[in-house]
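Read off the chains here:
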Amino acid sequence: MNQNELLSMMIMRVFVIICFLCTILGCRAQGGGKDISVPVVHADVRDLFSDSDRSQPDTSIFSKSRVIFFETVERALLGNIGKVFVFEDRIAVYDDRSWKICVFDTVGRFLFSIDRKGRGPGEYIKIRDCCFDYDRRQFVVYSDVPSKFMRFDYNGKFIGEVLTDELFFQFAIAKDRLICMDLRAQNGDDFLVELPNDDRSLHKKKVLDLPLIDIGSFYPPGALIQTSTKPYFARRFANTIYQYDEGAVVPRYRIDFGKYNLPESLQKGGRLSDQEFDEQVRDRNYVTGLANIKESSGKLYFSVNNRGFCVLDTRTNEVKAFPTILDTQTQIPCNGMLPTQDIGNKYIAFLPSVNQASLKIYVEHVAKEAAPWFKEKIERMKEDDNPILFLYEVR
């Protein structure tokens with residue numbers, strides 16, 4: 001066999017190997033309805049579903065922390081903090097129980113609220129979701145009763161609204177576009193849509209290629225879609241982190257949770273009733289959804305089934321899971337990760353694990369090493385005061 005023949009055989013073998021590898025990698029994951037190579041990362045989340053009370057010091061994950069005591073006044077009574085918006089001179093929180101946005105300065109003094117319940121122009125029956133448009137410096141509020149997008153300026157003044165025939169669940173802002181989750185989509189239908197971030201042409205809908213998975217009643221608390229460097233989102237019952245990028249749905253990572261992955265037999269539905277399905281998922285702690293995904297400084301932060309949170313290092317593809325973090329200033333454990341939006345993508349807000357009514361007792365008997373200023377503030381608190389917020393800056 002001469003040299004040319006040997007060279008031809010070697011080239012053919014290399015070609016066959018490359019084709020084989022491309023086939024294997026192309027089948028690793030699916031996203032947007034097409035076979036796309038997606039990195040699969042493994043996550044050990046046993047601690048999230050155990051009874052362990054082990055906490056990770058906040059200083060090992062975050063660089064700075066702040067504790068916000070929100071002023072308790074009649075116009076700013078908070079039922080449940082559903083979202084947090086951080087600015088240089090203020091902090092806004094969306095109360096998804098009272099359907100209003102309350103804005104405070106950086107130390108928690110109340111400034112104003114967006115609370116316009118009613119049936120007339122500039123009013124709503126309830127808010128389904130809200131975001132802040134940092135380019136336009138406007139609050140964008142979506143009401144599903146009636147279905148419309150409303151805009152308010154940086155100081156809460158109503159700007160305008162536009163009605164829509166669509167019905168949405170959550171949305172995010174990607175500069176000149178709104179990325180919305182369709183509330184009416186049925187199983188298998190495309191449920192992610194793109195709208196112009198422009199009230200004059202809001203009817204021009206573009207359906208994005210991503211089918212809905214709807215096999216149970218579990219909705220992870222928090223935001224399924226959230227803008228940080230770009231809009232990131234997840235589907236219920238799918239452990240893939242997606243990114244919206246210039247009109248396309250791009251799967252970034254598929255998370256392998258080991259024995260906590262929802263089995264294929266349950267994903268296909270089968271003959272289980274809804275109650276039987278729910279019982280199996282709860283009893284075996286299967287992962288049903290990722291939420292509050294945020295990218296910052298080469299890391300992706302997200303919550304799992306509302307059990308603590310995870311950090312995915314995009315440089316090493318390593319995932320670390322934390323049931324709770326211990327605030328070293330106050331000795332208070334936190335595990336309620338909140339959707340947090342800020343222009344620099346550097347803040348993540350948490351709620352304390354300790355019930356508000358039990359904070360005084362906890363500080364007196366457990367958090368004995370808490371900073372004196374924190375002890376004094378807790379001592380003055382009333383049980384019906386607004387909740388406190390822990391705001392962390394990522395490394």
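Structure: see above.
Asker: Mind laying out the overall build of the protein chain, listing which residues take part and the relevant values?
Answerer: Secondary structure assignment for the protein chain yields 5 helices and 30 strands. Looking at the protein chain residue by residue over its 395 residues, the buried ones come to 51%. Intrachain contacts of the protein chain at a sequence separation of at least 6 include 53% that bridge at least 24 residues.

Asker: I'd like to hear about the side chain of K148, residue by residue, with values.
Answerer: Tracing the sequence through the fold places K148 in strand 12 (residues 147-153). Apart from the residues within four sequence positions on either side, K148 is in contact with G120, G122, E123, V141, Y142, S143, E161, V162, L163 and T164.

Asker: Go over the side chain of D129 with me, naming the residues and quoting the values.
Answerer: Assignment of secondary structure puts D129 in strand 10 (residues 129-133). When its relative accessible area of 5% is taken as the criterion, D129 is described as buried. When residues no more than four places from it in sequence are discounted, the contact partners of D129 are K83, Y94, V140, V141, Y142, F169, Q170 and F171.

Asker: Before we move on, can you summarise the packing of aromatic side chains with the specific residues and values?
Answerer: To describe a pair of aromatic rings, you give the distance between the ring centres and the angle between the ring planes. Inspection of every chain in the model, using the stated rule, returns 27 aromatic pairs. Between F87 and Y134 the ring centres are 5.5 Å apart and the planes differ by 35°, which places this aromatic pair in the tilted class. Taken together, the residues span a long stretch of sequence, with F87 in the loop between strand 6 (81-86) and strand 7 (90-95) and Y134 in the loop between strand 10 and strand 11 (138-144) at a distance of 47 residues. Grouping residues by exposure puts F87 and Y134 together as buried.

Asker: An account of the sheet that holds strand 27 (residues 332-338) is needed here, citing residue identities and associated values.
Answerer: Spatially, the 6 strands line up as an open sheet ordered 4-26-27-29-30-5, and their pairing is mixed. Bordering the open sheet on either side are strand 4 (56-57) and strand 5 (62-69), each of which pairs with just one other strand. In this sheet, strand 30 (residues 388-394) lies alongside strand 5 in antiparallel orientation, the contact comprising 7 bridges. Residue pairing in the sheet places I68 in a bridge with L389 of strand 30. In the packing of helix 5 (residues 372-380) onto the sheet, the strands contacted are strand 5, strand 27 and strand 30, and the crossing angle to strand 5 comes to about 25°.

Asker: Now, about the pattern of salt bridges: what can you tell me, with residues and values included?
Answerer: Following the criterion strictly, the structure yields 17 salt bridges and no others. Here K175 makes a salt bridge to D135, at a shortest N to O gap of 3.9 Å. With a gap of 40 residues between them, K175 in the loop between strand 14 (168-174) and strand 15 (177-182) and D135 in the loop between strand 10 and strand 11 connect regions that are remote in the sequence. The residues K175 and D135 share a single accessibility class, namely exposed. Among the ionic pairs, D313 bridges to R315, the shortest N-O distance being 3.4 Å.

Asker: An account of the sheet that holds strand 15 is requested, with residue identities and associated values reported.
Answerer: Spatial ordering of the open sheet is given by 14-15-16-17, a layout of 4 strands whose pairing is antiparallel. Bordering the open sheet on either side are strand 14 and strand 17 (206-211), each of which pairs with just one other strand. Across the sheet, the axes of successive neighbouring strands diverge by a mean angle of 25°, strand direction being ignored. Both strand 14 and strand 15 contribute to a ladder of 5 bridges, which runs antiparallel. By the bridge assignment for strand 15, A172 is matched with I179.

Cut-off values and rules
Residues numbered from 1 in each chain as written. Predicted model: local features only at pLDDT ≥ 70, side-chain atom pairs only at ≥ 80, totals over all residues. Heavy atoms only, no water. Helix = DSSP H or I, 4+ residues; strand = E, 2+ residues; numbered from the N terminus. Buried < 20%, exposed > 50% of the residue type's maximum accessible area, 1.4 Å probe, protein only. Contact = heavy atoms within 4.5 Å. Phe/Tyr/Trp six-rings, centres within 6.5 Å; stacked < 30°, edge-to-face > 60°. Pairing = 2+ DSSP bridges. Axes fitted to C-alpha atoms, helices over the stretch in contact; angles between N-to-C directions. Salt bridge = Lys/Arg side-chain N within 4 Å of Asp/Glu carboxyl O.

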